[in-house]
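# Architecture at a glance
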Amino acid sequence: MLSERKHDPRAEPTLDTLRTVLRRFGFLYPNTAEGLPGTITIEVTSKPLGMTHGTIAPIGGSKVEVANLGCASCHAGVAYDAQGNPDPARAVPGMPNTSLDLESYTQAIFLAMREHSDGDALLEMADTLFPEMDWRERASLRWLVLPLARGRLEELAGRETALPFPNGLPGATNGVAALKLQTGTALLGGGFQDRGFVSIPDLALRHRRSRLLADGAYSTPSGTTAPSELAAITSFFTVPSMGVSAEKAREYIPQARAIFAWLADYRPPPFPGQLDRAKARRGAGIYATQCAACHGKFEWSGARPKLATFPDWVGDVGTDSLRAQVFDSALAEAVRASSYGDMIRVSIGEGYAAPPLAGLWASAPYLHNSSVPTLAALLYPRQRPRRFAVGGHALDWNAVGLRLADDGGYPDGYVPFSTPQWVDTSKPGLGNKGHEFGSDLSEAERAALIEFLKLL
Ligand code: HEC
Ligand code: HEC
C-alpha cells in the first residue's frame, strides 16, 4: 500500500486499493467458487482466495494474525465465457491459477519492506486498513514482528532479491528450489540457476497416477494409486509450497485424504465454446493411435470421454531437461532421510511423466515449464513462438490456448486482469523444444485431434 501510494498519491488507503494491488499478482477475490459439492461453500471476500490464516502467540501475551498461501491460491482458476474471455469474479477450484505470479509478489513485498519498514508509516497504515486490530496485536507488530523483519532485511542488505532462486512465472512455481531451501540442499549455481519452473496443473485425474510430480519423482511405496498413499505424498507438498516442516506436514495427511476423496469426483468444467462433435470423433481415433500409449486410453460413450486406463509413462521426449536435472541425487537423499522416507519412494533421472490430460482448454501454456502457448503450436512445433506473454490472459478457441497477437503479446484493446510477464523460451529452463507428436499429421487431422482434446 505504501509503495502504491508513493507511485500514485491518489490511491486511497483502503482495502479496495489493497485488493487492486494484490489482483495484479494474479490473486483472486471471486464472488463465487464453482463446481464444489452443494454442501461446501467457501469464504471468498476478505482475503485472496486460498489464503489460510489464523492467530498465533509467538511469545506469551502476544497476538499476531498470520496468513499463508493455501492450496486454492494455486489450484483455483478463473472461469471463462463462451468466447474465451476470463471472469475473475468466478473461480473454479481444481483448475490451475495460470496468472498467479509469486516471483513478482515476493519481490514487490521485499522491495516495499526494504523501503518502508523503518519509522511508523507501516504501523500507521496497518491501523488505517485494519481498525479492528486490538492493542495486543498492535503492540506485537511493533515490538515483535517489525524488529524480526528488520533483522531479516539487514541480513539481506545488498541482495537484489529476497530469495536465492527465481520463483517462477505467472502460473508456474519453483517447488524444487523451494524444497532445496527448506531441506538445506545445495542450489544450482548458488540458486540463480535453479530454474526448474513447473506449471500449476489441473487436478483432475491426478488420483490415477502412482508417480507424482512433473518428473514422476515421487512414487507411492506400493506402486499403486492407493488414495491414502497419494494423500501422504501430497501432504509433503506443503513443505515447499507453504514452508511447513516435514514433521508438521504429517499432521495434514487426514486433510489431504479428504482432498483426494474430492479429487476422485472432480472434473474441470466442460469446454464453454462451440464444439464440432463429428470432428472430435475423428480426433478421438487419432488420439487412440498417436497419444493413448503414453497419456492413457479414453472411452467415450456419454457426454465426455472417460479415462479408461492410465499407463503412468515416464521418459525423455526431448523437452527442456533443466527441471528434471535440478531434482538431483542430493535432494532425493534429503527426501529419503526426512520423516517421509517411508511414505515416498524417490526415483529420478528418467525424464518427464506423461500427465493425464484434463482441462487442457483452460490450462495453457503447455508442457511442464509453460513454454508452449497453444495446443496448435504444441502439435506443430514450427508454430511455437520464441516469446509470448502470460498472466491475466484470454483464451483462443482456434489454436486452443492463450489468445495472442502475432508479436506474442495480447491483442490490441485487451485489458488483462493481472500483470502479464514474458515467457522467453531462449532462457534456461524455458526451452520449447521436444514433444513433437502430431507434427506428421495433416492440418485437418491436427484440427480434429484438438477438437477431441477440448472435451477432456
Ligand atoms: C504455490 C502454488 C501451490 C500451492 C500453494 C499448492 N500447489 Fe499443488 N501443485 C503446484 C504445482 C506447481 C504442481 C505441479 C508440480 C509438479 O508436477 O512437479 C502441483 C501439483 C499438485 C498435485 C498433483 C500432483 C501430480 O504430480 O500429479 C496435487 C494433488 C496437488 N498439487 C495438491 C495440492 C494441495 C492439496 C495443496 C494444498 C495443501 C497444494 N497442492 C498447494 C502448486 C501449488
Ligand atoms: C512417448 C510418450 C508420449 C506420446 C506418444 C505423446 N505424449 Fe504428450 N506428453 C508426454 C510427456 C512425457 C509429456 C510431458 C513433457 C514435458 O512436460 O516436458 C507430455 C505432455 C503433453 C501435453 C502437455 C500437458 C500439459 O498439461 O501441459 C499435451 C497437451 C500432450 N502431451 C498431448 C499429446 C498428444 C495430443 C499426443 C498425441 C499426438 C501426445 N501427447 C503423445 C509423452 C507423450
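Structural data are supplied above this passage.
Cut-offs and rules
- Residues numbered from 1 in each chain as written.
- Chains lettered and ligands numbered in written order.
- Predicted model: local features only at pLDDT ≥ 70, side-chain atom pairs only at ≥ 80, totals over all residues.
- Heavy atoms only, no water.
- Donors = N, O, S within 2.8 Å, 3.2 Å for Na, K, Ca; no water.
- Tetrahedral: all angles 85-135°; square planar, octahedral: opposite > 155°, others 65-115°.
- Helix = DSSP H or I, 4+ residues; strand = E, 2+ residues; numbered from the N terminus.
- Buried < 20%, exposed > 50% of the residue type's maximum accessible area, 1.4 Å probe, protein only.
- Near = heavy atom within 4 Å.
- Polar contact = N/O pair within 3.5 Å; in protein donor to acceptor, adjacent residues only side chain to side chain.
- Nonpolar A, V, L, I, M, F, W, Y, C, P; charged D, E, K, R; others polar.
- Pairing = 2+ DSSP bridges.

## Considering the coordination of the iron atom of ligand 2
- For the iron atom of ligand 2, the full set of protein donor atoms is His295 (NE2) and His435 (NE2), and the range of their distances to it is 2.0 Å.
- Around the iron atom of ligand 2 sit six donor atoms; with metal-centred angles ranging over 87 to 179°, the donor geometry is octahedral. A residue pair is termed long-range when its members are at least 10 positions apart, and histidine 295 in helix H13 (residues 292-295) and histidine 435 in the loop between strand S18 (421-424) and helix H17 (443-453) qualify at 140 residues.
- Taking the relative accessible area as the measure of exposure, histidine 295 reaches 11% and is therefore buried.
- Histidine 435 gets classed as buried once you look at its relative accessible area, which sits at 13%.

## Observations regarding the coordination of the iron atom of ligand 1
- The protein gives the iron atom of ligand 1 a lone donor atom, His75 (NE2), placed 2.0 Å from the metal.
- Mapped onto the elements of the fold, histidine 75 is located in the loop between helix H3 (71-74) and strand S4 (76-80).

## Topic: the site of ligand 1
- In the vicinity of ligand 1, 22 residues are found, and the nearest of them are Cys71, Cys74, His75, Arg209 and Leu213.
- A distance of 3.1 Å is found between an oxygen atom of ligand 1 and a side-chain nitrogen or oxygen belonging to arginine 206.
- Only H3, strand S7 (198-199), helix H9 (238-242) and helix H11 (253-263) provide two or more residues apiece to the shell around ligand 1.
- Its residues assigned to classes, the shell around ligand 1 comprises 13 nonpolar, seven polar and two charged.

## Focus on the site of ligand 2
- Around ligand 2, the structure places 23 residues, and the nearest of them are Cys291, Cys294, His295, Thr319 and His435.
- In the environment of ligand 2, a nitrogen atom lies 2.8 Å from a nitrogen or oxygen atom belonging to the side chain of histidine 295.
- Within the contact set of ligand 2, an oxygen atom lies 2.7 Å away from a side-chain nitrogen or oxygen of histidine 368.
- Contributing elements (two or more residues each) for the shell around ligand 2: H13, strand S14 (352-353), helix H16 (375-379) and H17.
- Of the residues forming the shell around ligand 2, the biggest block, three residues, is contributed by H16.
- Classifying every residue of the shell around ligand 2 gives 18 nonpolar, five polar and no charged.

## A look at the sheet that holds strand S1 (residues 32-33)
- Reading across the sheet, the three strands line up as S1-S5-S4 and stay open at both edges, with mixed pairing between neighbours. Single-partner strands in this sheet number two, and they are S1 and S4.
- Pairing of S1 with strand S5 (residues 86-93) involves two bridges; the strand directions are parallel. Pairing of threonine 32 across the sheet is with arginine 90, part of S5.

## Some remarks on the sheet that holds strand S13 (residues 345-346)
- With antiparallel pairing, the three strands of this open sheet are ordered in space as S8-S9-S13. Two strands bound the open sheet, and with one partner strand each, they are strand S8 (211-212) and S13.
- Bridge count between S8 and strand S9 (residues 218-219): two bridges; the pairing is antiparallel. Within the sheet, the bridge partner assigned to arginine 211 lies in S9 and is serine 219.

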